[in-house]
Each structure stands twice: as C-alpha cells, then as structure tokens.
Number of protein chains: 2
Amino acid sequence: MAGHGHPYSPAELELPGFVPQRLSQVEILAPFLGASLLVALAVWLVSGRCGGRLSRTDRLLMCWWAFTGLTHVVLEGAFLFTPDFFSKEEPNYFDDLFKEYSKGDSRYAARNTGILALEMITIGLKGPASLLAVYAVASRKSYSHILQLAICLGQLYGCLFYFITAYLAGFNFWVSPFYFWAYFVGANSSWVVIPTLIAVRSWKKICAAFEAGKLKTR
Amino acid sequence: MAGHGHPYSPAELELPGFVPQRLSQVEILAPFLGASLLVALAVWLVSGRCGGRLSRTDRLLMCWWAFTGLTHVVLEGAFLFTPDFFSKEEPNYFDDLFKEYSKGDSRYAARNTGILALEMITIGLKGPASLLAVYAVASRKSYSHILQLAICLGQLYGCLFYFITAYLAGFNFWVSPFYFWAYFVGANSSWVVIPTLIAVRSWKKICAAFEAGKLKTR
C-alpha cells in the first residue's frame, strides 16, 4: 500500500477512495471453487438421467458450458455492473473477488477501456450463448457443434486480445510473479486450453458431417 | 492544424514530428477502389474458368475473401509495420492512406493499444485465413463453411470491440460528422454487413449438413 493507498501495480495507478479487501485469498477462492464444483456436479447428475442418450463427453461438455456460462454472467456481470467496486464502503463477496484478481491484473481495478469492452461482449454474448450450449448439447440440436465452435472462437479471440493488450500496454499489471502466474496466466489458461480442445472437436465433427453428405450424394 | 501540428481530434493528441498528408482524398480512395475492383474482377474471371463447377454465389464469395484477405494483409499490414507512418519525411501511399483514415479515427495515428491488438489479430490470423477461404471455396473443401464462419465471427467480434472501445474512450476521434459517417461507420460497415450475411449462410449450411446426417441414420 505505497503512497497511493492500494496494493496494485503500477503504484501510480489512481484509485480514489480505495477500500482495502476484507476477505482473504482462501475466503475468496474456496466459495468460487466450491460453487463451481457444485454446478458441475449438479449438471453431471441431471444429465445422467436423460435416458442414457448422452455420452460421457456430452455430459462433461454440459458441465463446462454451465460453469463458463455462469462465470461469465454472474461473476463478470458483478464486475461490469459495479463501477465503484473498489471504493464501496460495504464491499460484498464479488467486490473483494475482483480486488483479489486485480493483484494479477490491475486493469480490472483501473476499469481499462479494453477490459470493459471485452467484458461487455463476454457478458452480453458469450455468457448467454454458453448457457444455450448446455441445452443444445442436451437436446442434440443440429446447431450444437456450430454454436460451441462459435463460443470457443469468441473466448480464444478474447483471450488473445486480453494478453496482447497487456503486452502492448507495458506488461506490469501484477503485484508479483506469483500473481502473474497464478491469476493472469493460470486463471485464464482454462479459457485457452478447454476452448481449443472443444473447437478442434467441433471443427472435426462439422467437417465429418460434410464428408458424410458428399458420400451420400455420390 | 491547431496548436498541435496535426488535423486530428482530439486536438490535444500528441504526434511529434507530424508530416502533413500529401495526397488528396481522391488520390487515396481511387487507387484503393481501383485495385479492389481489379482483384475482384480477376477472381471472378478466373473462377468462371473452373469448369462450371462453381455457383455464382461461390464466385462472389471468392471475390470477397480475396478482397478482404488482401486488405487485411497488405493495407493493415502496412499500418502495423510502420510505427512512424505519421512522421516519415518521405511518406508513401499507405502512410497517407492511414493519415486520411485517422481523420475518421485518430486512434490509428495515436497507435492506441486496443487498435494495435486488433490489427495484430487481423493481420496474423484473419488475413491469411481469408486467403485460405478463397482456395477452400474454389476446391469445395469440407471445411469451407466452418472456415468462413470462423473468420466472419472474428471480423464481427473485432468490429464490435472496435466500436465499443471507441464509445467507452470518449467517442471523439473524428474531425467532423462527415468523417465519422464516411470512415468510422461507413468504411467499417462492410465488415459488419457482409460477414453477418456469410455467417448466417454458413451457419444454415452446417445445420443442414447435420440434419441430412440425422435423416440418413434414421
């Protein structure tokens, strides 16, 4: 908490009226991980009762889409719609969560224009689309793979943009290497690795559908 | 050219060593439009000699992908790889083109971080992918629709980001309403309207391929 009244990097960042974080790292991460596991477990169990039509992969995909959809809408929504989260006198859980995350990327506390634009697109489009994907996979819609691919590409595009803008703007938004690796890289890597895997799978499925169509018309 | 030696908005933008534009609007637009029409015409004529296998729509799509791919790689590449374009003593055509475009969005002259990140993704991924799409449509690859849809979503995502960041950052990057409508809105609207049309078409084709697969396995 140098002279600027906040723990973030760069120190010259102005956060007037900053209210220090009350919850510890564990008090923030445990509820997030616990709630995420509960959502995944609930989707796994409910999807298992769909008369055995769904493969294990489909059920795992549903868990992921429910988790990422709710994260986008609830968590990131709480950030977007609380412009004063760092200065609220009575901060709630989400305010403290984004104070904690800002240790790995202070552009959140600074409400950087690029971050806000990314979050608007994520909350407005990717979140609802992810929740639709849960339904699309469950009911084996013909648009299921194309929808999943579209969201994955959006998530990858967003991550690419997120990392490139950080690099161009100075690459000094984390308190220490720990927060760089744990939050900036670690927490975001799920949204690089998993969308890549799903995008490749959906891409192959779509190509296979066209190949099958070609064989049929020969 | 107020006190800051450049014609852009906002006037307080610092562009040290700014060299005024030499070419007129017509001298910039005519070669661009002429070259674009030549590319489209060449692709249209060559694709017509592909033994009649290609529909008119396919040939039009090839014209578009060739045009947008070359625009992304050549034009936007010239911008990205010339960081000093506004201060070069001997400006070339592309330097003056981006001086002209900056009248509609001075974030180009300012080399705004978000704009640079967008251009990097556009030049590195969307440009080459667009040129691949020309080949994919011509040779009726099974990945043709999915590739086109992926690029279109990337272009739409990019445009959305482009407009939202401008809005959040003050919405004052144009010299006059004329440049706002002609450049910021007008020049970019092609990359909203056409990708939307192609994305909807490819989406339907992909869903139809899955529907056909379902009928087949019944």
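Residues numbered from 1 in each chain as written. Chains lettered and ligands numbered in written order. Predicted model: local features only at pLDDT ≥ 70, side-chain atom pairs only at ≥ 80, totals over all residues. Heavy atoms only, no water.

K.L.:
Describe the interface of chain B and chain A, listing the residues and the values that go with them.
P.N.:
If you look at the interface, chain B gives 38 residues, while chain A gives 38 residues. Here chain B meets chain A over a buried area of about 3,300 Å², counting both sides, of which 83% is carbon and sulfur. Interface area lost by chain B to chain A is led by B:Ser142, B:Tyr157 and B:Phe210, which between them contribute 21%. The tally of links between chain B and chain A comes to 0 salt bridges. When residues of the side of chain B that touches chain A are traced back to their parent elements, those giving at least two are α4 (113-138), α5 (144-168) and α6 (177-217) of chain B. If you tally residues by element for the side of chain B that touches chain A, the top one is α5(B), at 14 residues. Taken together, the residues that form the side of chain B that touches chain A break down as 24 nonpolar, 7 polar and 7 charged. (Contact = heavy atoms within 4.5 Å. Buried area = accessible area lost by both parts, 1.4 Å probe. Salt bridge = Lys/Arg side-chain N within 4 Å of Asp/Glu carboxyl O. Helix = DSSP H or I, 4+ residues; strand = E, 2+ residues; numbered from the N terminus. Nonpolar A, V, L, I, M, F, W, Y, C, P; charged D, E, K, R; others polar.)

K.L.:
Tell me about unusual backbone geometry, residues and numbers included.
P.N.:
Residue and element names in this part refer to chain A. Here Ser 9 and Pro 10 are connected by a cis peptide whose omega angle stands at 0°. Residues other than glycine seldom take positive phi values, yet Phe 171 does so here, at roughly 55°. Within the secondary structure, Phe 171 is located in the loop between α5 (144-168) and α6 (177-217).

K.L.:
Residue-level account of the packing of aromatic side chains, with values.
P.N.:
Two measures describe an aromatic ring pair: the distance that separates the ring centres and the angle between the ring planes. Residue and element names in this part refer to chain A. All chains considered together, the criterion is met by 60 aromatic pairs over all chains. Relative to Tyr 183, the ring of Tyr 101 has its centre 6.1 Å away and its plane inclined at 20°; by these criteria the two rings are stacked. Separated by 82 residues along the polypeptide, Tyr 101 in helix α3 (residues 93-101) and Tyr 183 in helix α6 bring together distant segments of the chain. On the accessibility criterion, Tyr 101 (13% relative accessible area) is buried. Residue Tyr 183 is classed as buried on the basis of its relative accessible area, which comes to 7%. The ring of Tyr 162 has Arg 107 sitting right over it, with the charged end atom 4.9 Å from the ring centre. (Phe/Tyr/Trp six-rings, centres within 6.5 Å; stacked < 30°, edge-to-face > 60°. Buried < 20%, exposed > 50% of the residue type's maximum accessible area, 1.4 Å probe, protein only. Lys NZ or Arg CZ within 6 Å of the ring centre and 35° of its normal.)

K.L.:
How would you sum up the environment of A:Tyr101? Please name residues and give values.
P.N.:
All names here are of chain A. In sequence terms Tyr 101 and Gly 34 are 67 residues apart; their C-alpha atoms lie 18 Å from each other. Each residue touching Tyr 101, except ones within four places of it in the same chain, is listed here: Tyr 108, Tyr 162, Tyr 183, Phe 184, Ala 187 and Asn 188. Here Tyr 162 takes part through its side chain, which lies 2.7 Å from a polar atom of the side chain of Tyr 101. (Polar contact = N/O pair within 3.5 Å; in protein donor to acceptor, adjacent residues only side chain to side chain.)

K.L.:
Explain the confidence of the model for chain A residue by residue, including any values.
P.N.:
Parts of the model with low pLDDT should not have their predicted coordinates read in detail. Residue-level pLDDT values for chain A average 94, and 96% of them are 70 or greater. Confidence metrics for the complex model read pTM 0.94 and ipTM 0.93. (pLDDT = per-residue confidence, 0-100.)

K.L.:
Outline the packing of helix α2 (residues 56-80) of chain A against α5(A), listing residues and values.
P.N.:
Relative orientation and spacing of two packed helices are given, respectively, by the angle between their axes and the distance between those axes. All names here are of chain A. Interhelical geometry of α2 versus α5 gives an angle of 45° and a closest axis separation of 13 Å. Taken together, the axis directions place α2 and α5 in an arrangement best described as oblique. Pair α2 / α5 crosses with left-handed handedness. Residues Leu 61, Trp 65, Thr 68 and His 72 of α2 form the contact with α5, whose own contacting residues are Gln 148, Ile 151, Cys 152 and Gln 155. Tallied by class, the residues present in the contact of α2 with α5 amount to 4 nonpolar, 4 polar and no charged. (Axes fitted to C-alpha atoms, helices over the stretch in contact; angles between N-to-C directions. Parallel < 35°, antiparallel > 145°, perpendicular 65-115°, else oblique. Left-handed = near helix turned anticlockwise from the far one by under 90°.)

K.L.:
Before we move on, can you summarise a nonpolar patch on the surface with the specific residues and values?
P.N.:
Residues and elements named next belong to chain A. On the surface, a cluster of nonpolar side chains totalling about 270 Å² of accessible area is made up of Leu 70, Val 73, Val 74 and Leu 131. With 3 residues, the top contributor of residues to the nonpolar patch is α2. Looking at the secondary structure, you find Leu 70 in helix α2. (Patch = residues over 30% accessible without salt bridge, like charges linked within 9 Å, V, L, I, M, F, W, Y side chains within 5 Å. Areas by Shrake-Rupley, 256 points an atom, 1.4 Å probe, with all protein chains shown as cover.)

K.L.:
Would you mind going over the UniProt feature "transmembrane region" (unreviewed entry) in chain A in detail, with residue names and values included?
P.N.:
Per the UniProt record, the feature "transmembrane region" (unreviewed entry) sits at residues 28-48, 60-81, 115-137, 149-174 and 180-200 of chain A. Summarising residues 28-48 of chain A: 100% helix, 0% strand, and an end-to-end C-alpha distance of 31 Å. (UniProt positions renumbered as here; feature names shortened; annotations may be inferred.)

K.L.:
So what about the relation of the copies chain B and chain A? Which residues, and what values?
P.N.:
If you rotate chain B by 180° and push it 0.0 Å along the axis, it lands on chain A with an RMSD of 0.0 Å. These values place the two chain copies in the arrangement generated by a two-fold rotation axis. (Least-squares fit on C-alpha atoms with pLDDT ≥ 70 in both.)

K.L.:
Kindly report on the pattern of salt bridges, identifying the contributing residues and their values.
P.N.:
All names here are of chain B. Taken as a whole, this structure holds 12 salt bridges over all chains when the rule is applied. The residue Glu 90 makes a salt bridge to Arg 22 at a minimum N-O spacing of 3.9 Å. Of this pair, Glu 90 sits in the loop between α2 (56-80) and α3 (93-101) while Arg 22 sits in the segment before α1 (25-48), and the two are 68 residues apart along the sequence. The partner of Lys 88 in a salt bridge is Asp 95, and the shortest N-O contact between them spans 2.8 Å.

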